[in-house]
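Residue-level structural notes
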Amino acid sequence: MSKKKLFWSFIAVAAFAIAVIQFVPAPALVIPAQLPAEQRTAHRLLNFEGIPNFRDLGGYPTADGREVKWGVLYRAATLAESSNADLEGLQKLNLNTLIDFRSAAEKEEEPNHLPDPVGFTVVEIPTLDDGNKAMVKEITERIESGDFDGFDPSALMLEANRQFASTFTPQYRQFMQTVVQADGAPVAWHCTAGKDRTGFASAILLRILGVPQDVILQDYMASRENALEARESQLMLLRLLKGDEAADKLSVMLGVEEAWLQAAFEQIDATWGSFDNYVRDGLHLTDTDIERLKATLLGPPAAHVQRTVQDAAAGPAG
C-alpha cells in the first residue's frame, strides 16, 4: 500500500474513532485536593479530556518537614483543546490566576478555550517569543526538506533552558511575583506542552519552597510521558509521511531530559553566583516574600504520611 493510501486510511480510522468517542460520556473530573489524603498522589495528573499534562504540585515534601498544599499550585500544557466538560472542571478548581507562557504566535495559532465568563485572572508572560518562532521555522523547514544534517534537538533544548535562567529572568520574576500576590489562592501556569517553560517555573518555585532537588527532578521528568502521549497521533503521522528521522528528532524535543533542567540550574549559578542570589537579585524576592510563600503554600504532612514516618521510626513490634 502506498504512503498516500496509508495516510487516508489512517484519517478515516481516526475520524471514525472521534465520532464514536463523542457518544461515550467522559468520566467525571477527579480533583486530588478533594480526595482522602492517601489517594491524592495517584490522581496528581488530572483527567481532563483536552488539557494535557495538567498536574497538581501538592504533596511534595520540603526539607523542613512540611509539604506543598494540594489544590493551590497547578502546571499544565495548552488549554486550546479544552472540552465543555473541561471548562466546568476548571471552574471547580477555584483558580485565582492562570499564567500563560506561550509566545504571541502560539496563542494566535491555538488560542486558549476558557470558560465564559472566565472567572479568574489571565496573566500573559510571553517567553521564548522570537526564539520559539525561529525554532519552529527551522524545524518545519528541515522536516519539509528532510535535511537534518547538523541538527541537534537536545542541544537546542539545553540552550533554551539556559536562557530561562538568564535572558528570561524578567519573565520568571513576573511569574514569581504573580504567585506571591495570589497569597495562597490557586494558581495554574502553562505553555504549549507544559514541560519546558512551565517545567522551569515549577522547578524554581518548588526549590524556593524548600522541596529537595531530587523531588523537583522527578516532577520535571514526569512530563516526558504525558507530553509525548499528547502528541502521539502527530508523531505517528509524521513518521508515516516524512520518515523515522523526522519523527525521532521531533520526539526528542517533545520530551524532557534531566540534563536540560540541570543546565538551567547550572546557568543560574554561572549568571548569579548562587540560587539564593538569583532569588534575591534576579527574581526580586525578599525574605518576607519567601516566608509569605511558605506560609500560604505549605502545610504539615498529611496524617497518613505522619503515621508512616512514626511507624518507621518505631521499628518492628516485638
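In case you missed it, the structure is sitting above this.
Remember, it's a predicted structure, so these values are computed and weren't measured experimentally. (Residues numbered from 1 in each chain as written. Predicted model: local features only at pLDDT ≥ 70, side-chain atom pairs only at ≥ 80, totals over all residues. Heavy atoms only, no water.)

**Topic: helix α7 (residues 197–209)**
Convention followed: Counting from the N terminus, the helices are DSSP H or I runs at least four residues long and the strands are E runs at least two residues long. Multiply 1.5 Å by the residue count of a helix minus one, and that product is the helix's expected span. For every residue, the accessible area (1.4 Å probe, protein chains only) is compared with the maximum for its type, and the residue is labelled buried under 20%, exposed over 50%, or partly exposed between those bounds.
With 13 residues, α7 ought to run about 18 Å at 1.5 Å a step, and its terminal C-alpha atoms sit 19 Å apart, in line with that. Buried residues dominate α7, accounting for 12 of its 13 residues. Turning to α7, its buried residues number three or more, namely Arg197, Thr198, Gly199, Phe200, Ala201, Ser202, Ala203, Ile204, Leu205, Leu206, Ile208 and Leu209. In the stretch just after α7, Gly210 is the one whose phi turns positive, near 100 degrees.

**Thoughts on the pairing of strand β4 (residues 97–100)**
Basically, it comes down to this: A crossover counts as right-handed when, viewed with the strands pointing away from the observer, the path leading from the first strand over the helix to the second turns clockwise. Here the rule is simple: two strands pair whenever DSSP picks up at least two bridges between them.
Burial along β4 is two-sided: Thr97 and Ile99 facing one way and Leu98 and Asp100 facing the other are all buried. Traced from β4 through helix α3 (residues 104–109) to strand β5 (residues 121–124), the parallel crossover comes out right-handed. Of the pairings in the sheet, the one linking β4 to strand β6 (residues 187–190) comprises four bridges and is parallel in character. Residue Ile99 lies in a different strand from β6, and its bridge partner there is Trp189.

**Details of the side chain of Lys107**
What counts here: For this analysis, residues touch if any pair of their heavy atoms sits within 4.5 Å.
By secondary structure assignment, the location of Lys107 is in helix α3. A relative accessible area of 14% places Lys107 in the buried class. For Lys107, the contacting residues outside a window of four places in its chain are Asp100, Arg102, Glu124 and Pro126.

**Here we look at the sheet that holds β4**
Strands in a sheet are paired, the pairing made by backbone hydrogen bonds, and the direction either parallel or antiparallel. Reading across from one edge, β1-β3-β6-β4-β5 is the order of the five strands in this open sheet, with mixed pairing throughout. Two strands bound the open sheet, and with one partner strand each, they are β1 (55–56) and β5. Note: strand β3 (residues 73–76) against β6, four bridges, orientation parallel. Residue Ala76 lies in a different strand from β6, and its bridge partner there is His190.

**Some details on the packing of aromatic side chains**
Short version of the rule: Think of it this way: a Phe, Tyr or Trp ring, Trp meaning its six-membered ring, pairs with another when their centres are within 6.5 Å, and the plane angle makes it stacked under 30 degrees, edge-to-face over 60, tilted otherwise.
Evaluated as defined, the whole model comprises 11 aromatic pairs. Judged by centre distance (5.9 Å) and plane angle (35 degrees), the rings of Phe164 and Phe200 are tilted. With Phe164 in helix α5 (residues 153–164) and Phe200 in helix α7, this residue pair connects regions lying 36 residues apart in the sequence. Linked through ring pairs, Phe101, Phe164, Tyr172, Phe175, Trp189 and Phe200 together constitute an aromatic cluster.

**What about the environment of Gln91?**
Looking at where Gln91 falls in the secondary structure, it is placed in helix α2 (residues 84–92). The spatial distance from the C-alpha of Gln91 to the C-alpha of Gly119 is 7.5 Å, given a sequence separation of 28 residues. Residues contacting Gln91, with those up to four places away along its chain left out, are Pro115 and Pro117.

**Observations concerning the packing of helix α6 (residues 169–182) against helix α14 (residues 287–297)**
This is how the line gets drawn: Each axis is a line fitted through C-alpha atoms, and for a helix only the stretch in contact is used; angles between axes span 0 to 180 degrees, taken between their N-to-C directions. Any angle that is under 35 degrees is reported as roughly parallel, and any over 145 degrees as roughly antiparallel; angles of 65 to 115 degrees are reported as roughly perpendicular and all others as oblique. Should the near helix be turned anticlockwise from the far one by less than a right angle, the crossing is termed left-handed; should it be turned clockwise, right-handed. Classification convention: Asp, Glu, Lys, Arg as charged; Ala, Val, Leu, Ile, Met, Phe, Trp, Tyr, Cys, Pro as nonpolar; all other residues, Gly among them, as polar.
Their axes nearest at 9 Å, the elements α6 and α14 cross at an angle of 55 degrees. Taken together, the axes of α6 and α14 are oblique relative to one another. Pair α6 / α14 crosses with left-handed handedness. Here α6 contributes Met176, Val179, Val180 and Gln181 to the contact with α14, which in turn contributes Asp289, Arg292, Leu293 and Leu297. When grouped by side-chain class, the residues that make up the contact of α6 with α14 number five nonpolar, one polar and two charged.

**Comments concerning the environment of Glu88**
Its location among the elements puts Glu88 in helix α2. Through-space distance from the C-alpha of Glu88 to that of Leu114 is 9.7 Å; in sequence the pair is 26 residues apart.

**Points about the packing of α7 against helix α8 (residues 213–221)**
The relative placement of two packed helices comes down to the angle between their axes together with the axis-to-axis distance. Here α7 crosses α8 at 160 degrees, and the two axes come no closer than 10 Å. As summarised for this structure, α7 and α8 are arranged roughly antiparallel, according to the angle between their axes. For the element pair α7 and α8, the recorded crossing hand is right-handed. Along the contact surface, α7 presents Gly199, Ser202, Ala203, Leu206 and Arg207, while α8 presents Gln213, Ile216, Asp219 and Tyr220. For the contact of α7 with α8, the class distribution of residues is four nonpolar, three polar and two charged.

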